[in-house]
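# Reading the structure
The primary structure of each chain is shown beneath.
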Amino acid sequence: MKNFIIKEFLQIFRDKRSLIILFGIPIIQVLLFGFALKNEIRDVPIAILDNSKDLYSQQLITKILSSEYFILEENVQSEKAIENAFRKGKIKQLIVIENNFTENLERENRAKIQLILDASDPNTAGMINSYTSAIISNFEREINPSFAGVPMIIPETQMRYNPKLDSVFMFVPGVITIVLMLVSAMMTSISIAREKELGTMEVLLVSPIKPIQIILGKVFPYVILSFISALIILGLAFTVFEMPIVGNIPLLLAESLLFIIMALSLGIFISTAANSQQVAMLLSMFALLLPSILLSGFIFPLKNMPDIIQYIGYAMPPKWFVIIIKNIMIKGNGIGSVWKETLIILGFTVFFIGLSIKKFKIRLE
Amino acid sequence: MAENKSNSKAVIVKDLVKKFGSFVANDHLNFEVDKGEIFGFLGANGAGKTTAIKILCGLSHPTSGEVNVAGYDIYKQRDLIKKNIGYMSQKFSLYDDLSIAENIRFYGGIYGLSRKKIKEKTAEYIEKLGLQAYTKSMVKELPLGFKQKLAFSVAIVHDPPIVFLDEPTGGVDPITRRQFWELIYKEAAKGKTIFVTTHYMDEAEYCDRVSIMVDGRIEALDKPAILKETYNAESMEEVFIQLARG
């Protein structure tokens, strides 16, 4: 088996494409997602209809506009003009402040603000909504720290773990998940399929070496390389994007290792079904990559999707891993809060290994 | 070549049957291969050759029947059989992106050869096959003929008493094929048993004995000269066509 591992490493390091997939893609993905594809909001054009024009309403507007998330596109003067402001298609949000804003706040501890959003892009709208609400609730605390009768719902959960609202924090767990899935499952399935395609698998099966040794020998190098890949991503997140890792690092690494092994067993399973590298590649792409990007809740929140798609999402291992690393990395939770997800991933691992063994036996008969 | 003595059989097959569902791929095969013999295993595509060779190599289980390879039982002593056979298919079975020495080291390692032995073998093969110019290159850069001869040598790196060759000369030019057969003769002369399948009927003439499979059964088995006489044919090709057409 030692020979096997040496041979496998030699082959990986001689194949430029493998190296690019192993190390180039993770780096590019982190940088891409981190810099270019940030879905955080910045300089969103908004309009304001201030019916009060008094002290607090002016203060609140100043606070919102100085947040660097929003810029004022238009001052709307009447309710009738609201429709028109949206029709122009430029503004994403319109804030309506009621009459006698300051008076209502001081006398009745109660004031109304209406947030009207352009929801043609629901994700952005949701984000703008929570940013604005957060600023408003901040404002409330400023003017009256013991203020109880709050008119707005304070979306605390959105802000707590990501106070600067940097979306890269949300992306890193997703990128790690995708890269590990890609590297582990795709690379192993391709490399096993390659042995079948070249006919070397047959020779190996004729030799005294046991099938389990063949599989372990093929998989072991990828465990190491995937793990290094994960470390690179974490390192980049930590240095380039200054992402804090709140939780227990050994736990995070152990969970990553478990996920890698799960992805590898999935890769082995794919390779039992695929006889050529192309088929293995296509299967990995369509069976793994796309669902794990689309359905893991990493770019597109699952809760915005139809029920049936959400259920399919439950069957995607990446979804659970994203939850685990978000919990550990960003919230700093321990194993106590992620044991369920960990068990699910363990279950997937056992399931894929079992299926592969079964398929392998059928082939021998 | 070794004569037909009792207790000197490399392969004994009795009533071998292999079914895939209702399809009978091997229908009560009976044959013996002597030690040191070059045994040609012929048949049209789909006649059941590959199925049989896979069973002999332990890649597939027989449905019923007795099979004995290198003196070991296929049901109980599969591990011992694996140590005592070599195998090469038409796909060459070398790793293109490894060098000659790395390939030998890998396959030698799998068969549990010592590091010293592997070194000796590497030097021996490079010398014997005239590969001195290619010691630094990857196997994919070797000319086809060299590659094939190297694949054969690697298949017998652990010095097995029996070698199974599954269409070893597929897609190779006639000169290279001839050189390859010279290599086979040399090994047979050292006492190795060669079990070879082929589509080339001129190669069938090189074998000590040949069997011809048609539709899962062995229709003929004898020395090429006797087969030609029996079927009143000029060449093995004619014998084959007569039999395959039924």
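### A short note on the interface of chain B and chain A
- Each side of the interface is counted separately: chain B has 29 residues, and chain A has 26 residues.
- With both chains or domains summed, chain B and chain A bury close to 2,500 Å², and 61% of this area falls on carbon and sulfur atoms.
- The tally of links from chain B across to chain A stands at 2 salt bridges.
- For the pair chain B and chain A, the number of links is 8 residue pairs in polar contact (both at pLDDT 80 or more).
- Along the lines of polarity and charge, the residues of the side of chain B that touches chain A split into 12 nonpolar, 7 polar and 10 charged.

### A closer look at unusual backbone geometry
- A positive phi angle is found at His28 of chain B, which is not glycine, with a value near 50°.
- Counting through the fold element by element, His28 of chain B comes out in strand E2 (residues 23–34).

### As for the pattern of salt bridges
Residues and elements named next belong to chain A.
- All chains considered together, the criterion is met by 19 salt bridges over all chains.
- With a closest N to O distance of 3.1 Å, Glu8 and Lys218 form a salt bridge. With a gap of 210 residues between them, Glu8 in helix H1 (residues 2–14) and Lys218 in helix H10 (residues 211–239) connect regions that are remote in the sequence.
- A relative accessible area of 2% places Lys218 in the buried class.
- Bridged by salt links that share partners, the residues Lys7, Glu8, Glu195 and Lys218 form one connected network.

### Structural notes on the pairing of strand E3 (residues 93–97) of chain A
Residues and elements named next belong to chain A.
- In terms of burial, E3 is largely enclosed, as 5 of its 5 residues are buried.
- Side-chain alternation along E3 places Gln93, Ile95 and Ile97 on one buried face and Leu94 and Val96 on a second face that is also buried.
- With 5 bridges joining them, strand E1 (residues 44–50) and E3 adopt parallel strand pairing. Paired with Ala47 across the two strands is Leu94, which belongs to E3.
- One ladder, built from 5 bridges, connects E3 with strand E4 (residues 113–117); its direction is antiparallel. Across the sheet, the residue bridging to Leu94 is Ile116, located in E4.

### As for helix H14 (residues 317–331) of chain A
Residue and element names in this part refer to chain A.
- For H14, with 15 residues, the first-to-last C-alpha span of 21 Å sits near the 21 Å given by 1.5 Å per residue.
- Within H14, 12 of the 15 residues are buried, which leaves it mostly tucked inside the rest of the structure.
- When H14 is considered as a whole, its buried residues turn out to be Pro317, Pro318, Lys319, Trp320, Phe321, Val322, Ile324, Ile325, Asn327, Ile328, Met329 and Ile330.
- At the exit of H14 stands Gly332, carrying a positive phi of roughly 75°.

### As for the sheet that holds strand E5 (residues 72–73) of chain B
- What the 4 strands build is an open sheet, ordered E2-E1-E4-E5 (chain B); its pairing is antiparallel. The open sheet has two edge strands, E2 and E5 of chain B, and neither has a second partner.

### Overview of a positive patch on the surface
- Taken together, Lys2 of chain A together with Arg105, Arg115 and Lys119 of chain B make up a surface patch of like positive charges.
- Considering the arrangement of structural elements, one finds Lys2 of chain A in helix H1.

### A word on the side chain of Asn103 of chain B
- Relative to the elements of secondary structure, Asn103 of chain B occurs in helix H3 (residues 100–110).
- Other than its neighbours up to four places away in sequence, Asn103 of chain B contacts Leu94, Tyr95, Leu98 and Val139 of chain B.

### Let's talk about the packing of H1 of chain A against H3 of chain B
- Remark: H1 of chain A packs on H3 of chain B, axes separated minimally by 9 Å, with the N-to-C direction vectors making an angle of 150°. For the element pair H1 of chain A / H3 of chain B, the angle class is roughly antiparallel. As H1 of chain A packs across H3 of chain B, the resulting crossing turns out to be left-handed. Between H1 of chain A, through Asn3, Phe4, Ile6, Lys7, Leu10 and Arg14 of chain A, and H3 of chain B, the contact on the second element is made entirely by Glu102, Arg105, Phe106 and Gly109 of chain B.
- For the contact of H1 of chain A with H3 of chain B, the per-class residue count stands at 4 nonpolar, 2 polar and 4 charged.

### What about the sheet that holds E4 of chain A?
Residues and elements named next belong to chain A.
- Judged by pairing direction, the sheet is mixed, and its 4 strands sit side by side in the order E2-E1-E3-E4 without closing on themselves. Looking along the sheet, the strands with just one partner apiece sit at the ends: strand E2 (70–75) and E4. Across the sheet, the mean angle from the axis of one strand to that of its neighbour is 30°, orientation sign disregarded.
- Where helix H3 (residues 55–65) meets the sheet, its contacts fall on E1, E2, E3 and E4, and the angle it forms with E1 comes to roughly 175°.

### Considerations on the confidence of the model for chain A
- Of all residues in chain A, 85% attain a pLDDT of 70 or more, and the chain-wide mean is 78.
- Low pLDDT, under 50, characterises residues 149–166 of chain A; the stretch is placed with 27 contacts to residues that sit more than four places away or in other chains.

### Let's talk about the packing of H3 of chain B against helix H4 (residues 115–128) of chain B
Residue and element names in this part refer to chain B.
- Interaxial distance between H3 and H4 falls to 10 Å at its minimum, and their mutual angle equals 135°. By the angle between their axes, H3 is oblique relative to H4. Seen along the crossing, H3 lies across H4 with a hand that is right-handed. Along the contact surface, H3 presents Ile100, Ala101, Ile104, Arg105, Gly108 and Gly109, while H4 presents Ile118, Lys121, Thr122, Tyr125 and Ile126.
- By residue class, the composition of the contact of H3 with H4 is 6 nonpolar, 3 polar and 2 charged.

Basis of the calculations
Residues numbered from 1 in each chain as written. Chains lettered and ligands numbered in written order. Predicted model: local features only at pLDDT ≥ 70, side-chain atom pairs only at ≥ 80, totals over all residues. Heavy atoms only, no water. Contact = heavy atoms within 4.5 Å. Buried area = accessible area lost by both parts, 1.4 Å probe. Salt bridge = Lys/Arg side-chain N within 4 Å of Asp/Glu carboxyl O. Polar contact = N/O pair within 3.5 Å; in protein donor to acceptor, adjacent residues only side chain to side chain. Nonpolar A, V, L, I, M, F, W, Y, C, P; charged D, E, K, R; others polar. Helix = DSSP H or I, 4+ residues; strand = E, 2+ residues; numbered from the N terminus. Buried < 20%, exposed > 50% of the residue type's maximum accessible area, 1.4 Å probe, protein only. Pairing = 2+ DSSP bridges. Expected span 1.5 Å × (residues − 1). Patch = residues over 30% accessible without salt bridge, like charges linked within 9 Å, V, L, I, M, F, W, Y side chains within 5 Å. Areas by Shrake-Rupley, 256 points an atom, 1.4 Å probe, with all protein chains shown as cover. Lys, Arg positive; Asp, Glu negative; His and termini not counted. Charge placed at Lys NZ, Arg CZ, Asp CG, Glu CD. Axes fitted to C-alpha atoms, helices over the stretch in contact; angles between N-to-C directions. Parallel < 35°, antiparallel > 145°, perpendicular 65-115°, else oblique. Left-handed = near helix turned anticlockwise from the far one by under 90°. pLDDT = per-residue confidence, 0-100.

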